[in-house]
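# An overview of the molecular structure
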Amino acid sequence: MRLTRLDDSDLARLESALDAAGLPYDDVREAGRFFYWSDGPHASFVGLEVFGGDALLRSLVVPLGARGKGLGRRVVETLLVEASESGIERLWLLTTTAEAFFAAIGFEPVARQEAPPAIRTTREFRDLCPASATFMKLDLARNRL
Ligand SMILES: CC(C)(COP(=O)(O)OP(=O)(O)OC[C@H]1O[C@@H](n2cnc3c(N)ncnc32)[C@H](O)[C@@H]1OP(=O)(O)O)[C@@H](O)C(=O)NCCC(=O)NCCS
């Protein structure tokens, strides 16, 4: 699988995919967010907000008709390899819907207090996800990707 970076003209498609999946989308045009889509017939999206060695994984969405076939897992695993190669050491995320999905890939639930300062400044951490969302971490160095 290949992930391609979205440019500004692709963001409307991302916004409607996030809206349809019930995920936050009102900040995707702000600075510091990088979004990608997968090649192949069922374009899936994923995003990163990068702060040195730490990054927030966000906006993962697989089209409704293509779920449950391993695509989401492949998107995340491809992103993990690229993130690791680009110097990211730890990935963080918030989820209200897919804790078990991310746990199967290697993410661990952690207390919000463990969030590095930069991750705490993200809109997703501050406002977009409810306080009940599960906060998760993957240590890329430890997982030797
Ligand atoms: C979550 C999502 C990306 C998963 O993508 P997918 O292509 O359906 O997932 P996969 O087929 O790769 O699933 C991999 C494994 O996770 C499991 N899984 C998938 N979605 C899950 C979920 N929401 N909760 C728990 N487990 C899930 C699958 O059963 C599968 O398990 P298996 O390997 O034992 O068979 C997809 O359901 C989606 O786009 N959901 C809406 C948006 C969303 O919630 N995104 C996450 C926001 S942080």
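Under an unreviewed UniProt entry, the name given to the protein chain is Tyrosine protein phosphatase, and the source organism is Allosphingosinicella humi.

### Digging into the overall build of the protein chain
Check the secondary structure of the protein chain and you find five helices and seven strands. Helices and strands in the protein chain line up, N terminus first, as β-α-β-β-β-α-β-α-β-α-α-β. Here the C-alpha atoms of the protein chain give a radius of gyration of 14 Å, agreeing with the 15 Å that 2.2 N^0.38 yields for 145 residues. Based on the C-alpha atoms only, the size of the protein chain along its principal axes is roughly 40 × 30 × 25 Å. In the protein chain, buried positions account for 45% of the 145 residues. If you take every contact in the protein chain between residues at least 6 apart in sequence, the share linking residues at least 24 apart comes to 64%.

### Topic: the site of the ligand
Near the ligand lie 19 residues; those nearest to it are Leu60, Gly68, Gly70, Gly72 and Thr97. At a separation of 3.4 Å, an oxygen atom of the ligand approaches a polar side-chain atom of Arg67. Here an oxygen atom of the ligand and a backbone polar atom of Gly72 are 2.8 Å apart. Within the complex, the protein chains bury 67% of what would otherwise be the 890 Å² of accessible surface of the ligand. Mapped onto the shell around the ligand, the elements with two or more residues apiece are β4 (54–61), α2 (71–85), β5 (90–95) and α3 (99–105).

### Description of the nonpolar core
Side chains that are nonpolar tend, in soluble globular proteins, to be buried together. Judged by nonpolar contacts, the single largest core of 22 residues is most densely connected at Leu57, Leu91, Phe102 and Phe107. Of all the secondary-structure elements, those providing two or more residues to this core are β3 (45–51), β4, α2, β5, α3 and β7 (134–139). For this core, the element with the highest residue contribution is α2, accounting for five residues. For Phe107, the contacting residues outside a window of four places in its chain are Leu57, Val76, Leu80, Leu91, Leu93, Phe102, Met136, Lys137 and Leu138.

### Observations concerning α2
End to end, α2 covers 21 Å across 15 residues, agreeing with the expected 21 Å (1.5 Å per residue, within 8%). Of the positions making up α2, those classed as buried are Leu71, Gly72, Val75, Val76, Thr78, Leu79, Leu80 and Ala83. Trailing α2 by a residue or two, Gly87 shows a phi angle of about 100 degrees, which is positive.

### Looking at the side chain of Arg33
With respect to the element layout, Arg33 can be found in strand β2 (residues 33–38). At a separation of 3.0 Å, a polar atom in the side chain of Arg33 contacts the side chain of Asp27. Looking at Arg33, its side chain comes within polar contact range of the side chain of Glu30, at 3.4 Å. Those residues in contact with Arg33 that lie beyond four places of it in its chain are Asp27, Val28, Leu48, Glu49, Arg58 and Arg123.

### Some details on the pattern of salt bridges
Think of it this way: side chains of opposite charge can pair up when their charged atoms draw near. Under the criterion given, the structure shown has 11 salt bridges. When the shortest N-O distance is used, the salt bridge between Glu30 and Arg33 registers 3.4 Å. Since its relative accessible area comes to 36%, Glu30 is described here as partly exposed. Within the structure, one salt-bridge network assembled from shared partners comprises Asp26, Asp27, Glu30, Arg33, Glu49, Arg58, Arg123 and Glu124.

Scoring rules and cut-offs
Residues numbered from 1 in each chain as written. Predicted model: local features only at pLDDT ≥ 70, side-chain atom pairs only at ≥ 80, totals over all residues. Heavy atoms only, no water. Helix = DSSP H or I, 4+ residues; strand = E, 2+ residues; numbered from the N terminus. Rg over C-alpha atoms; globule rule 2.2 N^0.38 Å. Buried < 20%, exposed > 50% of the residue type's maximum accessible area, 1.4 Å probe, protein only. Contact = heavy atoms within 4.5 Å. Near = heavy atom within 4 Å. Polar contact = N/O pair within 3.5 Å; in protein donor to acceptor, adjacent residues only side chain to side chain. Areas by Shrake-Rupley, 256 points an atom, 1.4 Å probe, with all protein chains shown as cover. Core = buried A, V, L, I, M, F, W, Y, C linked by side-chain atoms within 4.5 Å. Expected span 1.5 Å × (residues − 1). Salt bridge = Lys/Arg side-chain N within 4 Å of Asp/Glu carboxyl O.

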